[in-house]
Amino acid sequence: MSHIDRIFVDTFGYSPEIIAAAPGRVNLIGEHIDYSDGYVLPFAISDRTFAAMSIRPDRLVRIASAQRRNKIVTVNLDDIKPGLKGEWERYALGVIWAMGVKEGLDVMIDGHVPLGAGLSSSAALECSVATALNHLLSLGFDLQTLARLTQKAENDYVGVPCGIMDQSVSLMAQAGFALLLDCRDLTSRNVSFDVASNGLELLIIDTQAHHSLTDGGYARRRQSCDSVVAKLSVRSMRELSLEKLSASKDLLSDVEFIRARHAVTEISRVHSAVEALEAKNFTELGQLLNASHASLRDDYDVSCPELNVAVDASIAAGALGARMVGGGFGGSAIALINASTTVDTIHSVESAFKNAGFKAPRFFTSLPSQGAEIMQRGL
Ligand code: GLA
């Protein structure tokens with residue numbers, strides 16, 4: 001019996017019909033461009049969230065979590081609508097709502113993606129629930145549709161204006177690969193990302209600084225992009241080149257111009273990163289990570305002192321490249337380093353944080369891992 005199986009039995013008194021798992025993610029490159037029809041290159045991390053479930057004979061949905069053992073939330077299916085107050089369970093209820101579920105359910109969640117670290121614990125939760133529901137209720141949604149439905153849950157039910165990247169990679173990733181995702185139509189291609197056999201490691205540095213997409217900074221960045229697109233009469237940032245953007249500079253405010261410059265240059269960095277990976281040119285990949293960070297810091301203005309210190313200290317310790325990942329304003333940075341320098345890099349970042357008076361950071365590493373999957377079914 002697995003851990004979540006046992007907790008389900010302890011809580012609900014019988015065994016779950018299905019258990020699914022979905023991972024968090026790190027985005028190698030392609031930041032803040034998923035909502036601009038851009039390309040992104042994320043991979044799934046090994047930390048994942050599990051969802052165990054059974055159908056109930058009535059119209060109740062009961063949800064509990066292994067991390068909060070003493071609380072079961074019980075809701076009637078008819079009451080699951082945007083606006084219903086709640087806590088973490090809204091992410092699961094939002095998926096139930098977005099997928100149009102008509103059956104009562106018992107649901108147990110066991111989350112192992114670090115919270116608030118910019119590693120997409122929310123997408124892992126949504127996608128574990130969506131994958132379990134899709135199989136348990138034989139709904140037959142493909143992965144692209146599941147990505148759109150889980151994004152809808154987060155946008156319209158939870159009220160977080162995220163893009164499509166996190167849910168897509170949590171659902172579609174393959175172990176050993178980064179996912180080159182076209183955020184316009186959700187077609188994708190696996191790109192081998194084999195750091196280990198090249199003597200490298202991808203260090204994830206959780207700055208422990210606050211990270212929330214609901215503070216308004218994320219939504220304002222999206223609004224700037226919408227405004228640029230409207231003023232320049234294009235469908236999305238993807239249709240802009242640096243030349244076209246520069247030629248239209250007078251039509252935009254200074255802030256809109258630099259936001260758009262980030263989007264345009266970041267999309268082109270993603271394509272260059274794919275070429276660098278395919279050529280196993282990790283030096284070039286490192287340079288692209290550095291350029292991405294500078295663009296997010298200076299043009300898109302979504303970095304913060306903790307992220308900048310993490311990146312600068314990693315580079316000072318010899319990293320090939322480093323950058324902030326995810327929505328920004330806190331959360332995590334990544335550093336591409338020689339595996340032999342892990343301890344030195346950690347020390348360098350730790351002491352830079354100490355000198356700056358920041359809370360101590362946390363460190364993780366992860367190989368590119370498998371996306372959402374069914375772990376156990378039919379008992
Ligand atoms: C958050 C959002 C994603 C994406 C990133 C920035 O993680 O959930 O959709 O916009 O920020 O790249």
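First, a word on scope: everything that follows refers to the structure included in this document. Everything quoted here is computed from the prediction, not taken from an experiment. (Residues numbered from 1 in each chain as written. Predicted model: local features only at pLDDT ≥ 70, side-chain atom pairs only at ≥ 80, totals over all residues. Heavy atoms only, no water.)

Moving on, we get to the sheet that holds strand E8 (residues 188-192). An order of E2-E7-E8 is seen for the 3 strands of this open sheet, with the pairing classed as antiparallel. Only two strands of the sheet have a single neighbouring strand rather than two, namely strand E2 (39-40) and E8. Summarising the sheet, strand E7 (residues 177-182) and E8 pair through 5 bridges and their orientation is antiparallel. Of the residues in E8, the one forming a bridge with Leu179 is Asn190. (Pairing = 2+ DSSP bridges. Helix = DSSP H or I, 4+ residues; strand = E, 2+ residues; numbered from the N terminus.)

Glancing now at the site of the ligand. Close contacts around the ligand come from 14 residues, with Glu31, His32, Asp34, Asp166 and Tyr218 the closest. Here an oxygen atom of the ligand and a side-chain polar atom of Arg25 are 2.9 Å apart. Contact between the ligand and Gly163: an oxygen atom at 2.8 Å from a main-chain N or O atom of the residue. Relative to its free-state accessible area of 310 Å², the ligand is covered by the protein chains to the extent of 97%. Residue composition of the shell around the ligand, by class: 6 nonpolar, 4 polar and 4 charged. (Near = heavy atom within 4 Å. Polar contact = N/O pair within 3.5 Å; in protein donor to acceptor, adjacent residues only side chain to side chain. Areas by Shrake-Rupley, 256 points an atom, 1.4 Å probe, with all protein chains shown as cover. Nonpolar A, V, L, I, M, F, W, Y, C, P; charged D, E, K, R; others polar.)

This next bit is on helix H3 (residues 121-136). Helix length check: H3, at 16 residues, gives a terminal C-alpha distance of 22 Å against a target of 22 Å (1.5 Å per residue), a fit within 8%. Most of H3 is tucked away, with 14 of its 16 residues classed as buried. A positive phi of about 45° marks Ser138, the residue just after H3. (Expected span 1.5 Å × (residues − 1). Buried < 20%, exposed > 50% of the residue type's maximum accessible area, 1.4 Å probe, protein only.)

Let's shift gears to the packing of helix H10 (residues 305-316) against helix H11 (residues 342-356). Packing of H10 against H11 leaves a shortest axis separation of 8 Å and a crossing angle of 140°. In terms of their interaxial angle, H10 and H11 are classed as oblique. Here H10 runs over H11; the crossing is right-handed. Side by side, H10 and H11 meet where Glu306, Val309, Ala310, Ala313 and Ser314 of the first sit next to Thr345, Ser348, Val349, Ala352 and Phe353 of the second. (Axes fitted to C-alpha atoms, helices over the stretch in contact; angles between N-to-C directions. Parallel < 35°, antiparallel > 145°, perpendicular 65-115°, else oblique. Left-handed = near helix turned anticlockwise from the far one by under 90°. Contact = heavy atoms within 4.5 Å.)

Quick look at the sheet that holds strand E10 (residues 321-324) now. With antiparallel pairing, the 4 strands of this open sheet are ordered in space as E10-E11-E9-E12. Edge positions in the open sheet fall to E10 and strand E12 (362-365), since each of these has one partner strand only. Strand-to-strand twist of the sheet, defined as the mean angle between neighbouring strand axes without regard to direction, takes the value 20°. Here strand E9 (residues 200-206) runs beside strand E11 (residues 332-338); their pairing, made up of 7 bridges, is antiparallel. Counterpart to Leu200 in the pairing with E11 is Asn338. Against the sheet, H10 makes contact with E9, E10 and E11, and its axis sits at roughly 175° relative to E10, the strand it touches most. Lying on the sheet, H11 is in contact with E9, E11 and E12; it crosses E9 at an angle near 25°.

Right, let's talk about helix H1 (residues 3-12) for a bit. Along H1, the residues classified as buried are Ile4, Asp5, Ile7, Phe8 and Phe12. Angular distribution of buried residues about the axis of H1 spans 165°; they occupy a single face of the element. Where H1 is buried, its residues meet strand E1 (18-27), strand E3 (42-56), strand E4 (60-65), strand E5 (68-76), strand E6 (104-111) and strand E13 (373-377). Looking one or two residues beyond H1, the residue adopting positive phi is Gly13, at roughly 85°. (Arc of directions from axis to C-beta.)

Further remarks concern the packing of aromatic side chains. Across all of its chains, the model carries 6 aromatic pairs by this definition. Here the aromatic rings of Phe43 and Phe193 are separated by 5.3 Å at their centres, their planes lie at 45°, and the arrangement is tilted. Of the two residues, Phe43 sits in strand E3 while Phe193 sits in the loop between E8 and E9, which places them 150 residues apart along the sequence. Both residues of the pair, Phe43 and Phe193, count as buried. Ring geometry for Trp97 versus Tyr157: centroids 5.8 Å apart, planes at 45°, classification tilted. Here Tyr157 lies in helix H4 (residues 143-158) and Trp97 lies in helix H2 (residues 89-98), a separation of 60 residues in the sequence. The exposure class assigned to Trp97 is partly exposed, which follows from its relative accessible area of 26%. The exposure class assigned to Tyr157 is buried, which follows from its relative accessible area of 5%. Here the aromatic residues Phe8, Phe12 and Tyr14 are joined through ring pairs into a cluster of three or more. (Phe/Tyr/Trp six-rings, centres within 6.5 Å; stacked < 30°, edge-to-face > 60°.)

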